[in-house]
Structure formats: C-alpha cells, structure tokens
Amino acid sequence: MAQESPKNSAAEIPVTSNGQLEDSHEHSFNKDLKRSLPVGLGLSETKITSHGFDSTKEGVVEAGPFPGSSASSKSSVVSPSSAAASRLAGQGCDLIVPTGGRAQQKSGPVVLADEVKNPAMEKLELVRKWSLNTYKCTRQIISEKLGRGSRTVDLELEAQIDILRDNKKKYENILRLAQTLSTQLFQMVHTQRQLGDAFADLSLKSLELHEEFGYNADTQKLLAKNGETLLGAINFFIASVTTLVNKTIEDTLLTVKQYESARIEYDAYRTDLEELNLGPRDANTLPKIEQSQQLFQVHKEKYDKMRNDVSIKLKFLEENKVKVLHNQLVLFHNAIAAYFAGNQKQLEQTLKEFHIKLKTPGADAPSWLEEQ
C-alpha cells in the first residue's frame, strides 16, 4: 500500500464480524496509511467507516482532499451485503438506501414533528382565544363608559351589591374607631397600674399619709384591673368584626367581581351576535353566526351561574352578619356600661357569657425551663 499513488484516498480494511479492526493488521494499516496520504493531510481529516455486518471484508477509509490540490479525491465505497442489510433492518436503525444501492446512515435522534408542534399550537391557540376575548371585553367596557353600548342589569341584585359595599365601608370605619379606643384604653390602664404602684410605694415610706396613699393605690389597681377586663371585651369585638369584614364580606365581594366579569363577557358576545344578525346572511357569514351563537350560549350559562352564586352568598352573608353583629354589639354595650358604672361583677359576668378569657401579663412568654 505504501507504493500506491497519493491520489488513491481509500483502501479496504479487514474487519471482524462485530465491526472491530483485527489486531494483526492494525499496526501495519496505520503505517501504510500515513505513507499513502498526501503531505499536509492529517489524520483528523480522515474518516474511517466500518460496517459491522456478517462479512469480514466490509470497511472503508475516506480521506478528504488536500487543501490547495487541484485533483479531487475519490473514495471507494464497499456496499453492504444483503445479509448485512437484513441484519441492520432487524436492529431498527434509520437507514436510507438510494436507488443506486449506496447506503447512508443518518445520525441524531429521531424526532416526531407532531409531538413538537402540538404543545406549541395549543399554547398559540390559547393565546389567540385570550386575546380575542380580552379585545371584546375591552371594547364592551369602553362602549358602556361612552354610553354607546348596552349592558345587562339585574336591578334587585345590583341594589344588594351596592348596599353591601356601602356597609363594608361603614364597618371598616367602626373597626378603625374601635382600634383607636383599644389603644387609648391600653395606655390608660398602663398609666393607672404605674400610678397604683407609685401610691403603694409612698404608702410604705410615708407613715403620716400611709392610709391615704393606700386608698389611692387600691383604687388605681382596681381601675386597672377593670380596664384590662374591658380591654379584653373590646379586643374580642374587634377580632370578630375584622373576621366578618375582611374574610366573609371580602369573599362575597370576590364572587361579585367574578359575576361582573362574566356579565361583561356575556354582553360582549351578545353585542357581537347582534351585529352579525343585522348583517347579510350568506355562505361566508352563516358559519360565523353559528360560532358566535355557540360562544354566546356558553357565556350566558356562565353569567346565569355566577348570578345565582352571588344571590346565594348574599343571602347567607346577611344571615351570618346579623347573628355575629347582634352578639358583638350586646357584648360591647354590656362591657362598656358595667365598666363606667363601676360594676366589677357585671363586667366579669359579661366576659363569662361570651366565653372570653383574659390574657394575663407575660402569659405568652415561655418560662426559663421551656427555653432550655
């Protein structure tokens, strides 16, 4: 092989049945190959192709042309035998055999186009539907604000919703005032407790005014104790009303927002269908009218469902609100009246009726044993 012309760029290589080079010929083949290649052509430009078929003489060495050489390199290809082709087909390889009989094997994973396109097409379709729906709803809102479009109105339900929103604002104002009262009462109780301690200290150090300081110390401590009891009742009132306003009423208003969105969509598709019905009816417009009728029916059912849900929630909310506020208002009145009347027993009895437990100072803090 060392005496062959450099233009001959391919040579047959004996291979085994599993596609590996025979050990006895590997060293001599590499030596002859280096001699036969043109000067300047490295092994990195040489591709060795071997087919692992039943025949032991199938194999090809292909070398690329030397840069700057005018002669084109020719490669001799040994076509696989019929047995090898059947074996390759049995292995499930991706093989393309042209008409001329030359076999080429494609590299890379096999990708199905449908599996790639389907998710993208689905997302694109969702974006298209969302954009169309947003456009229709925006157009409907602008038309209503400009006074050009019509809207569906349930007078009874709209009146209940307006009352609920107005009541929510008033309840929030009551909560702010009650929280202010609680803060001021806490400061007063804290001041009375400090004043009682100061009187008690002077009662021990002033023998002449021992009784007078003692009376004032006991009075301030009693006022501080009653103030803590009233503070517990007010905080319980605040917590209950806060739950009613920020959770129960807010949940109902969230359903109201969903109802209003469904109403806008319903009116938007209703207007769209009315515009199509006013136009000509031909082969091009009939499918659009039928599709618009189907979308209108879907949004009408959604609107009816949301209207029914809002009506039910408003009914249950009214019942729950009356029950909660009745108990809380009775608690607030009895506690305030007993405190300013100086009726300590009545004040404590009011807290027992509503199962209110006062927190003792420092009860929430863990003991030093628990911290260990």
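Residues numbered from 1 in each chain as written. Predicted model: local features only at pLDDT ≥ 70, side-chain atom pairs only at ≥ 80, totals over all residues. Heavy atoms only, no water.

**Q** Got a minute to help me understand the overall build of the protein chain in this structure?
**A** Regarding its fold elements, the protein chain presents eight helices and four strands. Helices and strands in the protein chain line up, N terminus first, as α-β-β-α-β-β-α-α-α-α-α-α. Taking all 372 residues of the protein chain together, 27% fall into the buried category. Long-range contacts, defined as pairs at least 24 residues apart, comprise 69% of the intrachain contacts of the protein chain with a sequence gap of at least 6. When the accessible surface of the protein chain is summed, it comes to about 25400 Å², and 56% of that surface belongs to carbon and sulfur atoms. (Helix = DSSP H or I, 4+ residues; strand = E, 2+ residues; numbered from the N terminus. Buried < 20%, exposed > 50% of the residue type's maximum accessible area, 1.4 Å probe, protein only. Contact = heavy atoms within 4.5 Å. Areas by Shrake-Rupley, 256 points an atom, 1.4 Å probe, with all protein chains shown as cover.)

**Q** Even after reading the chapter, I still don't get the side chain of threonine 255, so can you show me in this structure?
**A** Structurally, threonine 255 is set in helix α5 (residues 210-278). Judged by its relative accessible area of 8%, threonine 255 falls in the buried class. Residues in contact with threonine 255, not counting those within four places in the same chain, are Met306, Asp309, Val310 and Lys313.

**Q** Quick question: what am I supposed to make of the UniProt feature "coiled-coil region" (unreviewed entry) in the protein chain here?
**A** UniProt marks residues 154-181 and 289-320 with the feature "coiled-coil region" (unreviewed entry), using the numbering shown here. As annotated, residues 154-181 comprises 96% helix and 0% strand, and the C-alpha atoms at either end are separated by 41 Å. In residues 289-320, the share of helix is 100% and the share of strand is 0%. The end C-alpha atoms are 46 Å apart. (UniProt positions renumbered as here; feature names shortened; annotations may be inferred.)

**Q** I would appreciate a short explanation of the pattern of salt bridges in the present structure.
**A** Between side chains of opposite charge, a pair can form when the charged atoms approach closely. Under the definition given, this model contains 20 salt bridges. Here aspartate 251 ties to lysine 313 by a salt bridge, and the two come within 2.9 Å at their closest N and O atoms. With a gap of 62 residues between them, aspartate 251 in helix α5 and lysine 313 in helix α6 (residues 285-340) connect regions that are remote in the sequence. According to the relative accessible area criterion, aspartate 251 is partly exposed, its value standing at 38%. Where glutamate 318 meets lysine 321, a salt bridge forms, and the shortest distance between an N and an O atom there is 3.2 Å. Separated by three residues within a single helix, glutamate 318 and lysine 321 lie in helix α6, roughly one turn from each other. One salt-bridge network, in which partners are shared between bridges, spans Glu144, Arg263, Asp267, Arg270 and Glu274. (Salt bridge = Lys/Arg side-chain N within 4 Å of Asp/Glu carboxyl O.)

**Q** Before we go on, may I ask you to explain the packing of aromatic side chains in this structure?
**A** How two aromatic rings sit relative to each other is set out by the distance from centre to centre and by the angle between their planes. All chains considered together, the criterion is met by six aromatic pairs. Judged by centre distance (4.9 Å) and plane angle (40°), the rings of phenylalanine 237 and phenylalanine 332 are tilted. You can see phenylalanine 237 sitting in helix α5 and its partner phenylalanine 332 sitting in helix α6, a full 95 residues away along the chain. According to the relative accessible area criterion, phenylalanine 237 is buried, its value standing at 6%. Judged by its relative accessible area of 24%, phenylalanine 332 falls in the partly exposed class. Of the aromatic side chains, those joined through ring pairs into one cluster are Tyr259, Tyr266, Phe296 and Tyr303. (Phe/Tyr/Trp six-rings, centres within 6.5 Å; stacked < 30°, edge-to-face > 60°.)

**Q** Would you mind going over the packing of α5 against α6 with me for this structure?
**A** Two measures define how a pair of helices packs: the angle their axes make with one another and the distance between the axes. For the pair α5 and α6, the least separation of the axes is 8 Å and the interaxial angle reads 165°. The angle between the axes of α5 and α6 places the two elements in the roughly antiparallel class. Two packed elements cross with a definite hand, and for α5 against α6 that hand is left-handed. Each residue belonging to the contact of α5 with α6 can be placed in one class, and the counts come to 31 nonpolar, 13 polar and 12 charged. (Axes fitted to C-alpha atoms, helices over the stretch in contact; angles between N-to-C directions. Parallel < 35°, antiparallel > 145°, perpendicular 65-115°, else oblique. Left-handed = near helix turned anticlockwise from the far one by under 90°. Nonpolar A, V, L, I, M, F, W, Y, C, P; charged D, E, K, R; others polar.)

**Q** What am I meant to see in helix α7 (residues 344-353) here?
**A** Given 3.6 residues per turn, any residue in an α-helix points the same way as the ones three and four places further on. When we look at burial in α7, the residues that qualify are Leu347, Thr350 and Leu351. Across the axial projection of α7, the buried residues extend over an arc of 95°, all falling on one side. In α7, the exposed positions angled more than 90 degrees off the buried face are occupied by Lys345 and Lys352. Residues of α7 that are buried sit in contact with α5 and α6. Between the side-chain oxygen of the N-cap and the backbone nitrogen of lysine 345 there are 3.4 Å, and the N-cap of α7 in question is asparagine 343. (Arc of directions from axis to C-beta. Polar contact = N/O pair within 3.5 Å; in protein donor to acceptor, adjacent residues only side chain to side chain.)

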